[in-house]
Amino acid sequence: MKAFTYQRADSAAQAAAAAVKPGAKIIAGGTNLLDLMKLQVETPSNLVDINRLPLDKIEGTPDGGLRIGTLVRNSDLAADPRVRQRYGVLSRALLAGASAQLRNKATTGGNLLQRTRCYYFYDITKPCNKRNPGSGCAALAGFNRIHAILGTSEHCIAGRNQGDSDRGVLSSSRQHSRN
């Protein structure tokens, strides 16, 4: 793992200012980012820890929806009675998507930032347009049986990332609950 500095943000403004600096990455649960750092796929020079910020609430909105904080743990979101009742598909997807240990650590914000699960993305010896734009896509001519059949392009066969899928589940849940 490449050496990096660690900064604990005390406010949202401080986190935002630190996060826009080149080489910076936000960390909360870190379940995906730390794995990518170990593999040298991600090599941030500075990690900005946002765990002390008050962003871990699930709050009702005036229109009957929910505002979900970026630091809400996946296990807490899946277990919330409002989510279970109104957005059951989301709750079930969160429960099915990871072990209890990961759900207890992983955050909703991290889900939205999660990178692709493509084998070639994780292998830094292979070209990957998601990891290094313009380098090519080894999956196009390689082993690609587990990759997407929708949402791909001539530049990448991996398609959408997990965060896109979770947003799609949430969007579908919202549409379904209002109809």
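Predicted, not measured: the structure shown is a model, and the values here were computed from it.

Parameters and conventions
Residues numbered from 1 in each chain as written. Predicted model: local features only at pLDDT ≥ 70, side-chain atom pairs only at ≥ 80, totals over all residues. Heavy atoms only, no water. Helix = DSSP H or I, 4+ residues; strand = E, 2+ residues; numbered from the N terminus. Buried < 20%, exposed > 50% of the residue type's maximum accessible area, 1.4 Å probe, protein only. Contact = heavy atoms within 4.5 Å. Pairing = 2+ DSSP bridges. Axes fitted to C-alpha atoms, helices over the stretch in contact; angles between N-to-C directions. Patch = residues over 30% accessible without salt bridge, like charges linked within 9 Å, V, L, I, M, F, W, Y side chains within 5 Å. Areas by Shrake-Rupley, 256 points an atom, 1.4 Å probe, with all protein chains shown as cover. Salt bridge = Lys/Arg side-chain N within 4 Å of Asp/Glu carboxyl O. Phe/Tyr/Trp six-rings, centres within 6.5 Å; stacked < 30°, edge-to-face > 60°. Core = buried A, V, L, I, M, F, W, Y, C linked by side-chain atoms within 4.5 Å. Arc of directions from axis to C-beta.

Our next topic: the overall build of the chain. A count of helices and strands for the chain gives 9 helices and 5 strands. Secondary structure elements in the chain, listed N-terminal to C-terminal, are β-α-β-α-β-β-β-α-α-α-α-α-α-α. When the 179 residues of the chain are sorted by exposure, 37% land in the buried category. Of all intrachain contacts in the chain linking residues separated by at least 6 positions in sequence, the fraction that spans at least 24 positions is 48%.

One open sheet holds the 3 strands; their spatial order is 1-3-2, and the pairing between them is parallel. Looking at which strands have only one partner, the edges of the open sheet turn out to be strand 1 (5-8) and strand 2 (24-27). Averaged over all neighbouring strand pairs, the angle between strand axes comes to 25°, with direction disregarded. Its contacts with the sheet put helix 1 (residues 12-19) on strand 1, strand 2 and strand 3 (46-49), and the angle it makes with strand 2 is roughly 140°.

Residues Met1, Phe4 and Tyr6 make up a contiguous nonpolar surface patch of roughly 310 Å² in combined accessible area. You can call Phe4 partly exposed: its relative accessible area is 33%.

Turning next to the packing of aromatic side chains. Evaluated as defined, the whole model comprises 1 aromatic pair. Between Phe121 and Tyr122, the ring centres sit 5.7 Å apart and the planes meet at 75°, which makes this aromatic pair edge-to-face. Taken individually, Phe121 and Tyr122 each receive the classification buried, so the pair is uniform in this respect.

Turning our eyes to something else, we now look at the pairing of strand 3. Side chains of strand 3 alternate between two faces, with Asn46 and Val48 and Leu47 and Asp49 buried alike. Sheet analysis places strand 1 next to strand 3, joined by 4 bridges and oriented parallel. Across the sheet, Thr5 pairs through a bridge with Asn46, a residue of strand 3. Two elements, strand 2 and strand 3, share 4 bridges in a ladder whose sense is parallel. Residue pairing for strand 3: Ile27 is matched across the bridge by Asp49.

This part covers the nonpolar core. Leu36, Cys118, Tyr120, Phe121 and Ala139 are the most contacted members of the largest nonpolar core, which has 13 residues in total. Counting residues per element, this core draws most heavily on helix 8 (residues 119-122), which supplies 3 residues. Those residues in contact with Leu36, other than ones at most four positions away along the chain, are Val41, Glu42, Arg115, Phe121 and Tyr122. Formed by 9 residues, the second largest nonpolar core is a distinct cluster that contains Val72, Leu77, Tyr87 and Leu94.

Turning next to helix 5 (residues 88-96). Every α-helix carries 3.6 residues per turn, so stepping three or four residues along brings you back to the same face. For helix 5, the full list of buried residues reads Gly88, Leu90, Ser91 and Leu94. Each buried residue of helix 5 lies within a common arc of 165° when the element is viewed along its axis, so the set occupies one face. Of the residues in helix 5, the exposed ones pointing more than 90 degrees away from the buried face are Arg92 and Ala96.

Moving on: the environment of Asn132. For Asn132, the location among the structural elements is in the loop between helix 8 and helix 9 (162-178). Considering only alpha carbons, one finds Asn132 and Val41, 91 residues apart in sequence, at a separation of 9.7 Å.

Both trends apply: most residues other than glycine have a negative phi, and most peptide bonds are in trans. Within the chain, Gln40 stands out as a residue other than glycine whose phi angle is a positive 70°. One can find Gln40 in the loop between helix 2 (33-38) and strand 3. The class for Gln40 is partly exposed, based on a relative accessible area of 34%.

By themselves, these observations are geometric and do not establish any function.
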